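What the coordinates show
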Amino acid sequence: MATAIYAVAILVLVLCIGCLALRWLPAGAEARAPLPYCIALIPLLWAPLLACAGILLALRAWLWGAFAIAGLLLWLATRIHMRMQRLSKTTQAMQSTMRDRDIRRCNQLAADHRAQQHHKPLLPIARVMTLNCRYGRADAQEIIEAVRAHHVQCVALQEVQPELLARLDTAGLRDTLPYRCAGIATNADNGGCNVILSAFPLEDCHTSSVDLDAAAVPLATVHIPMPTLSAFDSSSSNLDVSAPSSSEPNPFNPNSADSNSSGTNSSGTSHYTVRIASAHPKSPMRGCASWSTGIRALSQLACHNAIPTVVMGDLNSHSDHPSFRALLRSGFIDALASHNLVLRQQLGLSRLSGNPILTFPRWITWPRIELDHILVSQAASPSTYRLVALDAHAHAIGGTDHLAVIATLAMQQ
């Protein structure tokens, strides 16, 4: 019996170390089954590595036990490195388009906040949500309730069927999010089309903005009205953007706008301009090659001459996948893995925060993996403001196997 346990523990240990090594493959090299699935499990490897170490040490297999402990420490080192890299890349991306005087101004605002709790260098402008609707089976009423309860203004849906849109409209979606841009239907649709829903008018809509072998990626430009600084709760170092007091302007109310503008739309309202996309590359089970090329193809949206871009959706990958890291290197920040990092750095708070949000499968707490993302890229040309994400969290919606993700977009002037 002990011999069998010993053999199984060694086999599991070797498999775990092999899976961990896969994360260092070149982008695209992991596009062969079952490599994407093995890499997807890397965040969970601490459990079998710890179990193997305990079993082997209990059996007095000191060499193999030490090997298991070394594997566990290697896994831990990769987690720490990824967290530090998120902080570094987020900060670099925020400052890459900033002139020296902009950096000095942001630092001065942060210093003023710490001293007076008055000025805040990051200003939330809108809430966004992404959800994989599982072949259109997501509960329409729960989607609308989540949108209204969290003041969501832009929604990216994946795996949408016409029946789901009909149910949403019947339940009153157009009263809250009257504007939409849907991806063009193709034979490559994986579970349904991608859709953008918005409380603000959508301009320059593209029903297929990226050339990839998967559901078409709709892309639209939205002008988001500028809120006022008074919408913050200045009595705390934490920004309470979920429930502004009734006596203050609601930063998520389209009618709440400041007189100082970063742009003006056709109606004369001060606004920020952002591009929004809803994406869903194929999963590995629909073809590992299409899965990898689809993820990397989204890099076509990374840089725009004048407008920041937000790509939301079920990207069927996370930061351990080389193909996903290649997408991030094209100019995106993974907002759900780095939310609050810039804010905390600016306000002098703890730097090590912002764990990724685990979204699949919805019905269990562990083991759950990260598949859904909100990616943010800055304008390629110098701009007077930069886009970041704050206050991201998951939200359960019935009828689908993914959690919805809701995040607050903010501008740093």
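Residues numbered from 1 in each chain as written. Predicted model: local features only at pLDDT ≥ 70, side-chain atom pairs only at ≥ 80, totals over all residues. Heavy atoms only, no water.

We now examine the nonpolar core. I125, V274, V310, I374 and L387 are the most contacted members of the largest nonpolar core, which totals 31 residues. In this structure, L173, C193, L197 and I397 belong to the second largest nonpolar core, which totals 25 residues. (Core = buried A, V, L, I, M, F, W, Y, C linked by side-chain atoms within 4.5 Å. Buried < 20%, exposed > 50% of the residue type's maximum accessible area, 1.4 Å probe, protein only.)

The next subject is the confidence of the model for the protein chain. For the protein chain, per-residue confidence averages 81 on the pLDDT scale, and residues scoring 70 or more make up 75% of the total. When the criterion is pLDDT under 50, residues 93–103 qualifies, and its contacts beyond four places in sequence or with other chains add up to 19 contacts. In the predicted structure, residues 113–120 sits below a pLDDT of 50 and forms 20 contacts with residues beyond four places in sequence or in another chain. (pLDDT = per-residue confidence, 0-100. Contact = heavy atoms within 4.5 Å.)

This next bit is on the sheet that holds strand β12 (residues 404–412). An order of β3-β4-β2-β1-β12-β11 is seen for the six strands of this open sheet, with the pairing classed as mixed. Only two strands of the sheet have a single neighbouring strand rather than two, namely β3 (179–182) and β11 (386–395). Adjacent strand axes in the sheet meet at a mean angle of 20°, parallel and antiparallel pairs treated alike. Inspection of the sheet shows strand β1 (residues 122–132) paired to β12 by eight bridges, in the antiparallel sense. (Pairing = 2+ DSSP bridges. Helix = DSSP H or I, 4+ residues; strand = E, 2+ residues; numbered from the N terminus. Axes fitted to C-alpha atoms, helices over the stretch in contact; angles between N-to-C directions.)

Across the interface, helix α1 (residues 2–21) lies against helix α3 (residues 46–58) with an axial gap of 9 Å and an inter-helix angle of 145°. The two elements α1 and α3 cross, and the hand of that crossing is left-handed. From α1, I5, Y6, A9, I10, V12, L13, C16 and I17 reach across to α3, where they touch P48, L49, C52, I55 and L56. Here the contact of α1 with α3 is composed, by residue class, of 13 nonpolar, no polar and no charged. (Left-handed = near helix turned anticlockwise from the far one by under 90°. Nonpolar A, V, L, I, M, F, W, Y, C, P; charged D, E, K, R; others polar.)

To continue, consider a nonpolar patch on the surface. Nonpolar side chains collect at one region of the surface, where L57, W62, I69, L73, L76, I80 and M84 lie side by side and expose about 660 Å² of accessible area between them. A per-element tally of the nonpolar patch places helix α4 (residues 62–95) first, with six residues. Judged by its relative accessible area of 41%, M84 is partly exposed. (Patch = residues over 30% accessible without salt bridge, like charges linked within 9 Å, V, L, I, M, F, W, Y side chains within 5 Å. Areas by Shrake-Rupley, 256 points an atom, 1.4 Å probe, with all protein chains shown as cover. Salt bridge = Lys/Arg side-chain N within 4 Å of Asp/Glu carboxyl O.)

Attention now goes to helix α10 (residues 322–329). Of all eight residues that make up α10, seven are buried, and the element is covered over most of its length. Of the residues making up α10, those classed as buried are P322, S323, F324, R325, A326, L327 and L328. On its buried side, α10 packs onto α2 (35–40), α9 (288–297), β9 (332–334) and β10 (372–377).

The buried count for β12 comes to nine of nine residues, which makes it a mostly enclosed element. Where burial is concerned, the two faces of β12 agree: the one with A404, I406, T408, A410 and Q412 and the one with V405, A407, L409 and M411 are both buried. Across eight bridges, β11 lies against β12 in antiparallel orientation. Paired with H393 across the bridge in β12 is I406.

Below, the discussion takes up unusual backbone geometry. Between F360 and P361 the backbone carries a cis peptide bond, its omega angle lying at -10°. Following the sequence through the fold, P361 ends up in the loop between α12 (341–346) and β10. Backbone torsion omega between W366 and P367 reads 0°, so that peptide bond is classified as cis. One can find P367 in the loop between α12 and β10. Located in the positive-phi region is R134, a residue other than glycine, with phi close to 50°. Residue position: R134 is located in the loop between β1 and α6 (140–149). Look at E159: it is not a glycine, yet its phi comes out positive at around 55°. Mapped onto the secondary structure, E159 falls in strand β2 (residues 152–160). When its relative accessible area of 8% is taken as the criterion, E159 is described as buried.

A word on the side chain of T130. Here T130 shows up in strand β1. What makes T130 buried here is its relative accessible area of 0%. Within the structure, the side chain of T130 is placed 3.2 Å from the side chain of Q158, a separation counted as a polar contact. The residues touching T130, leaving out its near neighbours within four places in the chain, are A156, Q158, M312, G313, H373, I374, L403, A404 and V405. (Polar contact = N/O pair within 3.5 Å; in protein donor to acceptor, adjacent residues only side chain to side chain.)

The subject of this paragraph is the sheet that holds strand β8 (residues 309–314). Overall, mixed pairing links the six strands, which are arranged β5-β6-β7-β8-β10-β9 in an open sheet. The sheet is open, and its two borders are formed by β5 (202–206) and β9, each paired with just one other strand. In this sheet, neighbouring strand axes are inclined to one another by 25° on average, regardless of whether the strands run parallel or antiparallel. With seven bridges connecting them, strand β6 (residues 219–225) and strand β7 (residues 271–279) associate as antiparallel partners.

Attention now goes to the environment of Y272. In this fold, Y272 is placed in strand β7. For Y272, a relative accessible area of 0% puts it in the buried group. Note: C-alpha distance between Y272 and M411 (139 residues apart in sequence) is 8.4 Å.

The next subject is the packing of aromatic side chains. Taken as a whole, this structure holds two aromatic pairs when the rule is applied. Ring geometry for W64 against F67: centres 5.8 Å apart, planes inclined by 75°, an arrangement best described as edge-to-face. Here the residue W64 and the residue F67 both occupy positions in helix α4, the gap between them amounting to three residues, near one helical turn. Lying across the ring of W24, R23 places its NZ or CZ 5.3 Å from the centre. (Phe/Tyr/Trp six-rings, centres within 6.5 Å; stacked < 30°, edge-to-face > 60°. Lys NZ or Arg CZ within 6 Å of the ring centre and 35° of its normal.)

Applying the stated criterion to the full structure yields six salt bridges. Here R79 makes a salt bridge to D320, at a shortest N to O gap of 2.7 Å. You can see R79 sitting in helix α4 and its partner D320 sitting in the loop between β8 and α10, a full 241 residues away along the chain. Each of the two residues, R79 as well as D320, counts as buried. Salt-bridge contacts for D169 lead to R180; the nearest nitrogen and oxygen are separated by 2.7 Å. Of the two residues, D169 is situated in helix α7 (residues 162–170) and R180 in strand β3; the sequence distance between them amounts to eleven residues. On the accessibility criterion, R180 (25% relative accessible area) is partly exposed. Via salt bridges that share partners, R23, R79 and D320 belong to a single interconnected network.

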